[in-house]
Amino acid sequence: MLWNLYIENIAVAKQLEIQFRDGFTVLTGKTGAGKSIIIDSLLLLCGAKNAKELIRSGEDRALVSAIFSVNDAAKSKLAELGYEPDENGEIELSRAIGADGRSTAKINRRTVPLSVLRDIAPALISIQTQSERNDFADRSTYTGLLDSFSDAEELLSEYKTHYDSLTDLRGQIANLKKAMTQREMMLDILKYQKKEIDSAKLSADDEEEKLIRLRTKLRSIEKVSKYSSVVSKALAYSEKGATAAYLMERAEAALEQLSDVVEDADDMISRLRSYRYEIIDIAERVKDALDDGDIGDPAAKLTQVESRLTVIERMKKKYGETIAEIKAKRTEIASQIADLEDGDFRISELEKQLSEAEDKAYAVAREITSKRQTAAERLSAEIIESLKFLDMPKVRFRISVMPMKDGAKPLFKADGIDDVDLLISVNTGEELQSLGKVSSGGELSRITLAIKSALAGKNDSGTIVFDEIDAGVSGGTSERIGMMLDKLSKAAQVISVTHSSQIASIADCHLLIEKSEIDGRTESSVREITGDERTAEIARIIGGIDVTEKQKAAAREMLNKNNK
């Protein structure tokens, strides 16, 4: 729901902050007070085209921001788009406009492209005006709208599995047929690649790492030989002179002779023996480093290693970043060769699998169609009743669900096989036509209200805004519209800019928009009114400039009738 709206330097609004509540809220005020500022500001947050003419005269920048609390449906949609509410379950949208026409959009104070606002806004707010594009103008949304009423989620999930399968099979068949048109050339290329990889005789995945270590050793073999020999001979393996191990062994023997004289001699002998074993171990490990493998001629061995590394590097440039990837590529190439050599059979097998996948998808799609058609009848009847209640007695409305064909075969789409359309005829004698082609205006606003009421609780938008939905209708019709707005507000937050006393008297919350002169400039303000102030405002709407006691009495009667 929309909790907070902040407007700065939009038309006559210098600084305007509005706190909204849930339920049904109306905004009223005299002509020119600034009611349109609210709608224009919200449209800017929905990604409307930059309107620098909205910037307050004399200012070089305007700002609009809104804080929404996010319900589960919106949270899921926002997650799909890559945006999450904060720890309080809220999300902030903001839009700044410069006098140069440049615009900056932000979500939770993070700059985003304007297109992202357009994508996210429908999950949070729906705005119906007399001139803006209607929520139901886009025919591509009709199937999803009907599905939210038909409770076909499980079937749609099952269908998606089959649809993904047949889409994958179609892709495989198309790729294989394309490859078959150039089979001989592709076979030559693939066989050459396979032969080249095979000629490299790659085996262990870590061969390259081992070769690199050996190359490092060979490049420093002289140094290794010299210092390994020094360590080995000094510690344990010298034909000339006494080694450390030999001298320590002599010391052990001497200590044994002194065991009766020197205190703790046995402990010292044990420690010396342990040290001697450590020294011998170090000498052996260094000697092993020198004697590891049959290197033979180091120069020749180095040339051999460099040559092998060159072969591996050439394979990596062509087939993968590691030996494991090159071997995997070889397996893939072998599979492609097999497919091409037996391509006709493979295509036949895939087409058989595709036919089976289509049969499975079609069986589920027909169940979905049946559910949609049943739901369409119920939803159409509810909408017609609502439209009649809204004083549109001549209206005809029908939700059309028509399975589509591609020749004799069903035409599969991601959401089934159906073409869903909302058909309406407002006047007697007119043909039914798609709702998206109906002209905007009061009738379209009422149609929108009827549809949204029928789908109450199933809309993604938690906030629904109507701008002058009462335009061009009688008082009786206005009262009916107000009753339906009130009903809708039990499932969503409803905000209505209105000139109707009947609608205003039904709302849970009444916001008054006023303008005044401050420091020689006109400024708008918004505040909630209750009690006598609300009675006076509704009387003003009834009577105009000079409000009479009878009009005040009528206003009180309206409020009492609606328990407001």
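Described in the following lines is the structure provided in the data block.

What counts, and at which threshold
- Residues numbered from 1 in each chain as written.
- Predicted model: local features only at pLDDT ≥ 70, side-chain atom pairs only at ≥ 80, totals over all residues.
- Heavy atoms only, no water.
- Patch = residues over 30% accessible without salt bridge, like charges linked within 9 Å, V, L, I, M, F, W, Y side chains within 5 Å.
- Areas by Shrake-Rupley, 256 points an atom, 1.4 Å probe, with all protein chains shown as cover.
- Salt bridge = Lys/Arg side-chain N within 4 Å of Asp/Glu carboxyl O.
- Lys, Arg positive; Asp, Glu negative; His and termini not counted.
- Charge placed at Lys NZ, Arg CZ, Asp CG, Glu CD.
- Helix = DSSP H or I, 4+ residues; strand = E, 2+ residues; numbered from the N terminus.
- Buried < 20%, exposed > 50% of the residue type's maximum accessible area, 1.4 Å probe, protein only.
- Core = buried A, V, L, I, M, F, W, Y, C linked by side-chain atoms within 4.5 Å.
- Contact = heavy atoms within 4.5 Å.
- Pairing = 2+ DSSP bridges.
- Expected span 1.5 Å × (residues − 1).
- Axes fitted to C-alpha atoms, helices over the stretch in contact; angles between N-to-C directions.
- Left-handed = near helix turned anticlockwise from the far one by under 90°.
- Phe/Tyr/Trp six-rings, centres within 6.5 Å; stacked < 30°, edge-to-face > 60°.
- Parallel < 35°, antiparallel > 145°, perpendicular 65-115°, else oblique.
- Right-handed = clockwise from strand over helix to strand, strands pointing away.

This part takes up a negative patch on the surface. Taken together, E256, E263, D264 and D266 make up a surface patch of like negative charges. Mapped onto the elements of the fold, E256 is located in helix 9 (residues 244–257). Given the relative accessible area of 43%, E256 is considered partly exposed.

Once that is clear, we can look at the pattern of salt bridges. Close approach of charged atoms lets side chains of opposite charge pair. This structure, assessed with the given rule, holds 35 salt bridges. Its salt-bridge partner being R21, residue E528 comes within 3.0 Å of it at the nearest N-O pair. Remark: R21 occurs in the loop between strand 2 (13–19) and strand 3 (24–28) and E528 occurs in strand 17 (residues 521–528); sequence separation between them is 507 residues. Taking relative accessible area as the criterion, R21 reaches 39% and is therefore assigned partly exposed.

Among the nonpolar cores identified, the biggest contains 51 residues, and L379, L387, F397, L435, L449, I451 and L485 are the most heavily contacted of them. Those residues in contact with L449, other than ones at most four positions away along the chain, are L390, F466, I469, I481, M484, L485 and L488. I39, L44, L54 and C509 belong to the second-largest nonpolar core, a separate cluster that totals 50 residues.

Attention shifts here to the sheet that holds strand 9 (residues 396–403). Taken in spatial order, the three strands make up an open sheet running 9-12-13, and their pairing is antiparallel. Edge positions in the sheet fall to strand 9 and strand 13 (433–434), since each has one partner strand and no second. In this sheet, strand 13 lies alongside strand 12 (residues 418–425) in antiparallel orientation, the contact comprising two bridges. Across the sheet, the residue bridging to I424 is Q433, located in strand 13.

A few words now on helix 13 (residues 343–389). An ideal rise of 1.5 Å per residue puts 69 Å on 47 residues; helix 13 measures up with 65 Å between its terminal C-alpha atoms. Positioned one or two residues after helix 13, D391 has a phi angle of 65°, which is positive.

Moving on: the sheet that holds strand 15 (residues 493–497). Sheet architecture is open: six strands sit in the order 8-14-15-3-16-17, paired in mixed fashion. Two strands in the sheet have a free side with no partner beyond their single neighbour: strand 8 (125–128) and strand 17. The sheet shows a mean angle of 20° between the axes of neighbouring strands, direction not considered. In terms of strand pairing, strand 14 (residues 463–467) meets strand 15 through five bridges, oriented parallel. If you follow I464 over to strand 15, its bridge partner there is V494.

Let's shift gears to the packing of helix 17 (residues 531–543) against helix 18 (residues 549–561). Where helix 17 contacts helix 18, the two axes come as close as 8 Å, and the packing angle between them is 115°. Helix 17 and helix 18 meet at a crossing whose hand is right-handed. Residues R534, T535, I538, A539, I542 and G543 of helix 17 pack against Q551, K552, A554, A555, R556, M558 and L559 of helix 18.

A few words now on unusual backbone geometry. The general pattern is negative phi for most residues beyond glycine and trans for most peptide bonds. Of note in this structure, N108 is not a glycine but carries a positive phi near 50°. In the Ramachandran plot, K201 falls in the positive-phi region, its phi being about 50° despite a non-glycine side chain. With respect to the secondary-structure elements, K201 resides in the loop between helix 6 (183–199) and helix 7 (207–219). Relative accessible area serves as the criterion here: at 68%, K201 is assigned to the exposed category.

Quick look at the packing of aromatic side chains now. Counted under the stated rule, the structure contains one aromatic pair. When the centroid spacing of 5.9 Å and the interplanar angle of 25° are considered together, the rings of Y159 and Y163 count as stacked. Pair noted here: Y159 and Y163 are both in helix 5 (residues 153–180), with a separation of four residues, about one helical turn. The same class applies to Y159 as to Y163, namely buried.

We now examine the packing of helix 11 (residues 298–319) against helix 12 (residues 323–341). Put simply, helix 11 and helix 12 touch, their axes get as near as 9 Å, and they point 55° apart. The angle between helix 11 and helix 12 falls in the class oblique. Here helix 11 and helix 12 pass one another in a crossing that is left-handed. Contact residues: helix 11 offers I312, M315, K316 and Y319, while helix 12 offers I323, E325, I326, K329 and I333.

What follows concerns the pairing of strand 15. When you tally the buried positions in strand 15, you get five out of five residues, the bulk of the element. On strand 15, burial covers both faces: Q493, I495 and V497 on one face and V494 and S496 on the other are all buried. Sheet topology note: the strand 3/strand 15 ladder contains four bridges and is parallel. What sits directly across from V26, in strand 15, is S496. Viewed along the sheet, the connection from strand 14 through helix 15 (residues 475–488) into strand 15 turns out right-handed.

What is shown is where atoms sit, not what they do.
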